[in-house]
Amino acid sequence: YTTSSTEKLLSACTGALLTSLLVTPMDVVKLRLQTQNYDSSRKPTACCSPFSSKNGLKICKLTSGIQHYSKIFSKKGTNQDGFHTIVKNEGLPGLWKGLSPALLMSVPANVIYFVGYDYLKVIIQPYTTTQHSDYSPLVAGGLARTVAVALISPIELFRTRLQAATGVNDFRNVLYGVQSMVKKDGVRALWRGLPPTLWRDVPFSAMYWMTYEKTKQALIAYNNNNNNNNNNISISIVQGDLYMSFLAGAFSGMCAAAVTTPFDVAKTRRQVDAGKGNKDTYSILRQIYSQDGVRGLFRGLTPRVAKVAPSCAIMISSYEIGKTFF
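Residues numbered from 1 in each chain as written. Predicted model: local features only at pLDDT ≥ 70, side-chain atom pairs only at ≥ 80, totals over all residues. Heavy atoms only, no water.

Caption draft 1: Layout of the overall build of the chain. What the chain contains, in helices and strands, is ten helices and three strands. Within the chain, counting contacts between residues at least 6 apart in sequence, those at least 24 apart form 75% of the total. As displayed, the chain offers around 15,900 Å² of accessible surface, 62% of which is attributable to carbon and sulfur atoms. (Helix = DSSP H or I, 4+ residues; strand = E, 2+ residues; numbered from the N terminus. Contact = heavy atoms within 4.5 Å. Areas by Shrake-Rupley, 256 points an atom, 1.4 Å probe, with all protein chains shown as cover.)

Below is the structure:
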């Protein structure tokens, strides 16, 4: 049975919708942790002016239109404290801030990404297969992600800035900030943060797909071996394509997310800073390391892994099963 393009498209859309709805809260917490100022003694800079107050916290308004609290977002820097702070100051809907642009971004991005990966893998497989291994997932994953990231980068920028913003009228102020940025720097400003995003996503995708295919093959071999030996102790969770795809996706996503976290921090800083400060990825990473050390490079690691692992698991299992269902 050969899966049609329509079935692949519908599967990718379904997976993207489920993934965005379920993991957006973790993404919001991660972005807030990555952009907060850990130096509580630091005063608001000249670019900020008092805007309003909420729950005893002074809110500042950047010239770029983003609002943020003058106090640090999370004193403990933990997921639990992050969730508590957002719900306390912005209500439960604050956890799903940026959901609309996330859906607008994830659906076309995942269609391009997953369908593109399938097609590229078939095309390049004869050229990337050696006697010992098949490297087509590595190459196809990186290429497919490069195309998807380049196309949806403007929406990604808006979503990142919206999720990093706090306070009232945030959508309007972020939109105004993006418009001001375009007037000042031109349309190319919408692709601000693309280099660090590519540094994060291309290695992530290459590593993810290679690990996913190998892990799934290992699970299939393990399952077949148990069935052939009539082993009643066989782990039932690895039975069926759904469970194997879910497990392989979660494990691969977790590994790839952990390794590429420093580039995720650099990407977030680049997109939120409205063009101020260092502009290339290496300089941003050096600045983060000089200020906060290794810990700063991996800030937001826990919520990133907590978001990416289930996100990858849900997306890949929905895509694989959806191709059969549709």
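So much for the structure itself; the text now carries on.
Caption draft 2: A look at the packing of helix α4 (residues 136-164) against helix α5 (residues 170-185). Between α4 and α5, the shortest axis-to-axis distance is 10 Å and the interhelical angle comes to 135°. In terms of orientation, α4 lies oblique with respect to α5. Like other packed secondary-structure pairs, α4 and α5 cross with a definite hand, here right-handed. Along the contact surface, α4 presents L157, F158, R161 and L162, while α5 presents D170, F171, V174, L175, G177, V178 and M181. Taken together, the residues of the contact of α4 with α5 sort by class into eight nonpolar, one polar and two charged. (Axes fitted to C-alpha atoms, helices over the stretch in contact; angles between N-to-C directions. Parallel < 35°, antiparallel > 145°, perpendicular 65-115°, else oblique. Left-handed = near helix turned anticlockwise from the far one by under 90°. Nonpolar A, V, L, I, M, F, W, Y, C, P; charged D, E, K, R; others polar.)

Caption draft 3: The packing of aromatic side chains, seen in detail. In this structure the tally under the stated criterion is ten aromatic pairs. Considering the side-chain rings of Y208 and Y212, the 6.0 Å spacing of their centres and the 20° angle between planes classify their relative orientation as stacked. You can see Y208 and its partner Y212 sitting in helix α6 (residues 194-228), four residues apart, about one turn around the helix. The same class applies to Y208 as to Y212, namely buried. (Phe/Tyr/Trp six-rings, centres within 6.5 Å; stacked < 30°, edge-to-face > 60°. Buried < 20%, exposed > 50% of the residue type's maximum accessible area, 1.4 Å probe, protein only.)

Caption draft 4: Representation of a nonpolar patch on the surface in the model. A grouping of L17, L18, L21 and L22 is seen on the molecular surface, where their side chains present a nonpolar patch of about 350 Å² in accessible area. With respect to the helices and strands, the residue L18 is situated in helix α1 (residues 5-35). (Patch = residues over 30% accessible without salt bridge, like charges linked within 9 Å, V, L, I, M, F, W, Y side chains within 5 Å. Salt bridge = Lys/Arg side-chain N within 4 Å of Asp/Glu carboxyl O.)

Caption draft 5: Spotlight on helix α9 (residues 281-297). Under the 1.5 Å per step criterion, the end-to-end length of α9 is only 12 Å for 17 residues, more than 12% shorter than the ideal 24 Å. The sharpest bend along α9 reaches about 105° and sits at Q291. Within the span of α9, buried status applies to T281, I284, L285, I288, G293, G296 and L297. (Expected span 1.5 Å × (residues − 1). Bend = angle between axes of the 7 residues up to and from the residue.)

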